[in-house]
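Per-entry structural report
Letter by letter, the chains look like this.
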Amino acid sequence: MRKIVLLLVMVFSVMMMWAENYASNARAVQVERTMVITYDLSETSNVRLLISTNMSNDFKELKQVTGDVGRNVPAGTNRQITWNVLEEYDRFVADGVRFMVEAYRKECIFSVSPSKKVMFSPGNLQYHPANKKWRFAESQLDYIGAANKNCFSTYNGWLDLFGWSTSATNFGVSTSTSNSDYSGSFVDWGTNTIGTDTPNTWRTLTYDEWFYVVFNRPNASSLNGIAQVNGVNGLILLPDNWVCPAGVTFKSGFHSISGVGYYYAAYQTFTAEQWSKLESAGAVFLPATGFRYGSDVDYVQGDGYYWSATEDESNHAACLGFSEGGAGMYGNDFCYGLSVRLVKDLQ
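Residues numbered from 1 in each chain as written. Predicted model: local features only at pLDDT ≥ 70, side-chain atom pairs only at ≥ 80, totals over all residues. Heavy atoms only, no water.

1. Quick notes on the overall build of the protein
Across its full length, the protein carries four helices and 24 strands. Over its C-alpha atoms the protein spans a radius of gyration of 22 Å, differing by no more than 12% from the 20 Å that the globule rule assigns to 347 residues. Along the first, second and third principal axes, the C-alpha set of the protein runs to 70 × 50 × 35 Å. Across the protein, every contact between residues at least 6 apart in sequence was considered, and the portion connecting residues at least 24 apart equals 65%. (Helix = DSSP H or I, 4+ residues; strand = E, 2+ residues; numbered from the N terminus. Rg over C-alpha atoms; globule rule 2.2 N^0.38 Å. Contact = heavy atoms within 4.5 Å.)

2. Thoughts on the state of the cysteines
By the definition in use, this model includes zero disulfides. Of all cysteine sulfurs in the structure, the one in C108 sits closest to C244, which takes part in no disulfide; the separation is 16 Å. Since its relative accessible area comes to 31%, C244 is described here as partly exposed. Not engaged in a disulfide, the cysteine C335 finds its nearest cysteine sulfur in C151; these two sulfurs lie 12 Å apart. Look at C335 and you get buried, because its relative accessible area is 2%. (Disulfide = S-S within 2.5 Å. Buried < 20%, exposed > 50% of the residue type's maximum accessible area, 1.4 Å probe, protein only.)

3. Examining the sheet that holds strand β23 (residues 336–337)
Pairing is antiparallel in the open sheet, where three strands are placed in the order β19-β18-β23. Across the chains shown, the open sheet's two edge strands, defined by having one partner strand only, are β19 (296–298) and β23. Strand direction decides the pairing type here: strand β18 (residues 291–293) and β19, joined by three bridges, are antiparallel. Bridge pairing links Y293 to D296 in β19. (Pairing = 2+ DSSP bridges.)

4. A closer look at the nonpolar core
Of all hydrophobic cores here, the largest spans 25 residues; its most connected members are L125, W134, F162, W189 and W307. Going through the elements one at a time, β12 (125–128), β13 (133–136), β20 (304–313) and β21 (316–323) are the ones with two or more residues in this core. Beyond its immediate chain neighbours, meaning those up to four positions away, L125 contacts W134, R135, F136, L159, D160, F162, W189, I194 and V340. Core analysis: the next-biggest nonpolar cluster, separate from the first, contains 23 residues, A23, M35, V47 and V101 among them. (Core = buried A, V, L, I, M, F, W, Y, C linked by side-chain atoms within 4.5 Å.)

5. A few points about the sheet that holds strand β24 (residues 343–345)
The sheet built from three strands is open, its strands ordered β10-β11-β24 with antiparallel pairing. Bordering the open sheet on either side are β10 (110–111) and β24, each of which pairs with just one other strand. Pairing analysis gives three bridges linking strand β11 (residues 117–120) to β24, with the strands arranged antiparallel. Paired with F120 across the strands is V343, a residue of β24.

6. Thoughts on the pairing of strand β14 (residues 224–229)
When you tally the buried positions in β14, you get five out of six residues, the bulk of the element. Pairing geometry for β14 and strand β15 (residues 232–237), over six bridges, is antiparallel. When the sheet's bridge partners are listed, N224 is paired in β15 with L237. Hairpin geometry of β14 and β15 is characterised by an intervening segment of two residues between the two adjacent antiparallel strands and by a positive phi of about 50 degrees at N230. Alignment of β14 against strand β16 (residues 269–270), held across two bridges, turns out to be parallel. Residue pairing for β16: Q228 is matched across the bridge by T269.

7. Some remarks on unusual backbone geometry
Although it is not a glycine, K132 adopts a positive phi angle of roughly 55 degrees. Assignment of secondary structure puts K132 in the loop between β12 and β13. Exposure remark for K132: the relative accessible area of 61% places this residue in the exposed category. You will see that F171, though not glycine, has its phi angle at about 55 degrees, which is positive.

8. Regarding the confidence of the model for the protein
Across the protein, the average pLDDT comes to 89, with 93% of residues at or above 70. Residue range residues 1–11 is modelled with pLDDT below 50. Its contacts to residues more than four positions away, or to other chains, number 29 contacts. (pLDDT = per-residue confidence, 0-100.)

9. Let's talk about the pattern of salt bridges
Following the criterion strictly, the structure yields ten salt bridges and no others. Residue R27 is joined to D40 by a salt bridge in which the shortest nitrogen-to-oxygen separation is 4.0 Å. Linking R27 in strand β2 (residues 23–31) with D40 in strand β3 (residues 34–41), this pair joins segments that are 13 residues apart in sequence. K63 is the partner of E61 in a salt bridge, and the nearest nitrogen-oxygen pair spans 3.4 Å. Owing to a relative accessible area of 24%, E61 belongs among the partly exposed residues under this scheme. (Salt bridge = Lys/Arg side-chain N within 4 Å of Asp/Glu carboxyl O.)

What follows is the structure, encoded as structure tokens:
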């Protein structure tokens, strides 16, 4: 029987998703029984084409695609992807179709299990209570610090330390020190609209995934280390296929002494220019943001704590913690305000 296709595009749009704005100016046209998506690419990238229907935020990767798609697509204007609809579906009837062009560098890939890879968000998660807006920090080095004491609903500024997100809380935006106020199941911060990204573009790593990427992936011990970057203390994570850029030397590991932030710089330092090279090669920086308990903010630039999506035990959830002396996975009370760094699945 001959295949037929009905492509009904009552509402149609093309979106771009990327780590550092590599894809732009995307547009699409129907050519007989194919869809042709044209876009510009600023750097050689890995490119995927995804689709959603009925204006939903549930995007699925398309497989029957040809052209400027896949690994190592070279930079240039008017790149084209052709989707063969009949090869993907026997029959396609849809309303509210949206395509997503996703472009990311291969250097940005981090394994969080033997079979799963992700890319990290471009900065820590931030929230503006008065405007009820979520965004990522403008730079990986950015952190809010002491102003997190203003964790209340009318605060006209940005926060980046949150209690564990549950169905009983507004994604952990609370100064309550009672764990009972954080009851219910975990609600992922990635279910929000973050900047211009649609809900569920990003997600929180589980305990097992944090453990794998920091401690258990191949060559894990050589792919992370503390540093002071342009005056900011934190932990650097390197991608799977790390190649250190020319003119920069990276030293993995930790200092033999912990001194509440004193020894990050003693271990290694990078200027803004050097960090730019590391970041361009795929390095991720987790600032040592400290923690919040109620309205008290402590250990800023001494320790870093990053929530996972995994409940550790009653009233506790797992987090990645580090100082200049080492890193590990810990259980923390729900009520503590910790950092959130999200990821996006790549395969």
